[in-house]
Amino acid sequence: MGTRISEESRFRPKPMVEIGGKPILWHIMKWYSSFGFQEFIICCGYKGHVIKDYFLKYYTHQNNISLHLDGREAEILPVQKEPWTVTLVNTGLRTKTAGRLLKVKPYIGEEPFMLTYGDGVSDVNIFELLNYHKNNHKIVTITTTQPAGRFGAVQMTPDGLVQSFKEKARKDQSWVNAGFMVMEPDVFSYLGDGSQMLEELPFERLAENGQMDSYRHPGFWSPMDNIHDREYLENLWKEGKAPWRPLDNNSLQGGQNG
C-alpha cells in the first residue's frame, strides 16, 4: 500500500506514482520492452482500478484526437503507441506476494517467466540476466545488487563517544534482492497455499534446496520507497541522467518475444 510514500499513495497505488510525468510502472515496462518483451501481467491490489483505468485509456491519452463536432466519431491521430499486451489481474487487497503469484498462474502457463516489483528501476541487461539463468539451470534467479550507502558507519566507545565516522561505500554494502527475477514453472510447487510472502518461506526453501541463483548487477538500481527516493529519480530523469531510460530498440540485437 506504499505507506512509506503516503504523500502519493493516498491517491494512487505505488506503481502509478509518476517520474517525469509517467508512472514508475511505465518506466519498468519500457525497459523490458526495449529488450523485445511485450507481454505483461500486472498483479493488481490496492487501488488496482487506477492501473486499469490508465491502460484502458492509454491509447487516447498518449495520442492526439481530432473531434468532429457535427456528430461524427472522434478520430485518433497516432503519435505514440506500444506493442504491449497487458493482462490486469485482481489479486486481492491484502494478498501476500506468494498468493499474488499463484493467482496469475493461469495466465502464465507452463513456461519460464520473469517477475519484478512495481516500484524499482534499473539498467540491468535483461538478455544477460536470461542467459545467466538458462546456463545455471535453477528454478529461480534473482538479480542482486549493492545499493549506494545511505548511512554513515559509526564506531563508538561504550559511553557513546564517536571514535570514527565513515560514509559507507557501495562495495561495503550487503547484496540485496533488486527484483528482475527469472522463474521456471516449478516455482509454483514452492508457494504452498499462497499465505506466505514469496520472499520468506518459498525463497528460503528454494535456497535450502540449491534451486536459487543470483545474477549480480553492478550497475544502477533504485527503489522508490519514500518521497525522497521519488525526488531523486525525478531529478535524474529531468537532468537526462536516468540510467533506466529505454534504449533505442534499433541498437539491440537478438530481441525476443515472451
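Right above here is the structure, for reference.
Rules used in this analysis
- Residues numbered from 1 in each chain as written.
- Predicted model: local features only at pLDDT ≥ 70, side-chain atom pairs only at ≥ 80, totals over all residues.
- Heavy atoms only, no water.
- Core = buried A, V, L, I, M, F, W, Y, C linked by side-chain atoms within 4.5 Å.
- Buried < 20%, exposed > 50% of the residue type's maximum accessible area, 1.4 Å probe, protein only.
- Helix = DSSP H or I, 4+ residues; strand = E, 2+ residues; numbered from the N terminus.
- Contact = heavy atoms within 4.5 Å.
- Phe/Tyr/Trp six-rings, centres within 6.5 Å; stacked < 30°, edge-to-face > 60°.
- Lys NZ or Arg CZ within 6 Å of the ring centre and 35° of its normal.
- Pairing = 2+ DSSP bridges.
- Disulfide = S-S within 2.5 Å.
- Arc of directions from axis to C-beta.
- Polar contact = N/O pair within 3.5 Å; in protein donor to acceptor, adjacent residues only side chain to side chain.
- Lys, Arg positive; Asp, Glu negative; His and termini not counted.
- Salt bridge = Lys/Arg side-chain N within 4 Å of Asp/Glu carboxyl O.

Please give an account of the nonpolar core that cites residues and values.
One finds F55, I126, L233 and W244 to be the most contacted residues of the largest nonpolar core, which totals 38 residues. Going through the elements one at a time, α2 (24-33), β3 (39-44), α3 (48-56), α7 (126-136) and α9 (227-238) are the ones with two or more residues in this core. Examining the composition of this core, we find that 7 residues originate from one element, α2, more than from any other. Non-local contacts of W244, meaning those with residues more than four positions away in its chain, are made with I19, H27, W31, V121, S122, F220, L233, L236 and W237. Residues L115, V140, M183 and L198 belong to the second largest nonpolar core, which totals 19 residues.

Summarise the packing of aromatic side chains; cite the residues concerned and give the values.
Under the definition given, this model contains 12 aromatic pairs. Measuring from centroid to centroid gives 5.0 Å for F35 and F127, while their planes differ by 90 degrees, and the two rings are edge-to-face. A residue pair is termed long-range when its members are at least 10 positions apart, and F35 in the loop between α2 and β3 and F127 in helix α7 qualify at 92 residues. Classification of F127 by relative accessible area gives buried; the value is 14%. Between Y54 and Y58, the ring centres sit 5.6 Å apart and the planes meet at 75 degrees, which makes this aromatic pair edge-to-face. Given the relative accessible area of 17%, Y54 is considered buried. Using a relative accessible area of 9% as the deciding quantity, one classes Y58 as buried. Site record: aromatic cluster; members linked through ring pairs are F40, Y54, F55, Y58 and W84. Just above the ring of W26 sits the side chain of K22; from NZ or CZ to the centre is 5.2 Å. The aromatic ring of W175 is capped on one face by R216, whose charged end is 4.6 Å from the ring centroid.

Tell me what's going on with the pairing of strand β14 (residues 212-216), and back it up with residues and numbers.
Judged by which residues are buried, β14 turns out to be one-sided: D213 and Y215 face inward and are buried, whereas M212, S214 and R216, on the alternate face, are not. Here strand β9 (residues 140-145) runs beside β14; their pairing, made up of 5 bridges, is parallel. Within β14, the position partnered with I142 by the bridge is S214.

Account for the state of the cysteines, naming residues and giving values.
In total, this model carries 0 disulfides according to the counting rule given. C43 takes part in no disulfide bond, and the closest cysteine sulfur, belonging to C44, lies 7.8 Å away. Under the relative-accessibility criterion, C43 is labelled partly exposed at 30%. A relative accessible area of 2% means that C44 is categorised as buried.

A description of the environment of Q173 should follow, citing residues and the corresponding values.
Structurally, Q173 is set in the loop between β11 (162-167) and β12 (176-177). Since its relative accessible area comes to 17%, Q173 is described here as buried. Residues Q173 and A148, spaced 25 residues apart in sequence, show a C-alpha to C-alpha distance of 7.5 Å.

Would you mind going over α7 in detail, with residue names and values included?
Taken as a whole, α7 has its buried residues at I126, F127, L129, L130 and H133. Considered in projection along α7, the buried side chains sweep an arc of 165 degrees and stay on one side of the axis. Each element contacted by the buried residues of α7 is listed here: α2, β7 (113-115), β9, β13 (181-183) and β14. Its side-chain oxygen at 3.0 Å from the backbone nitrogen of F127, N125 defines the N-terminal cap of α7. In the stretch just after α7, H137 is the one whose phi turns positive, near 55 degrees.

I'd like to hear about the side chain of R100, residue by residue, with values.
The residue R100 is located in helix α5 (residues 97-103) in this model. Salt bridges are absent for the buried R100, whose nearest opposite-charge side chain, E199, sits at 9.5 Å. If we ignore the near neighbours within four places in the chain, the residues touching R100 are C43, C44, G45, T91, G92, L93, R94 and T95.

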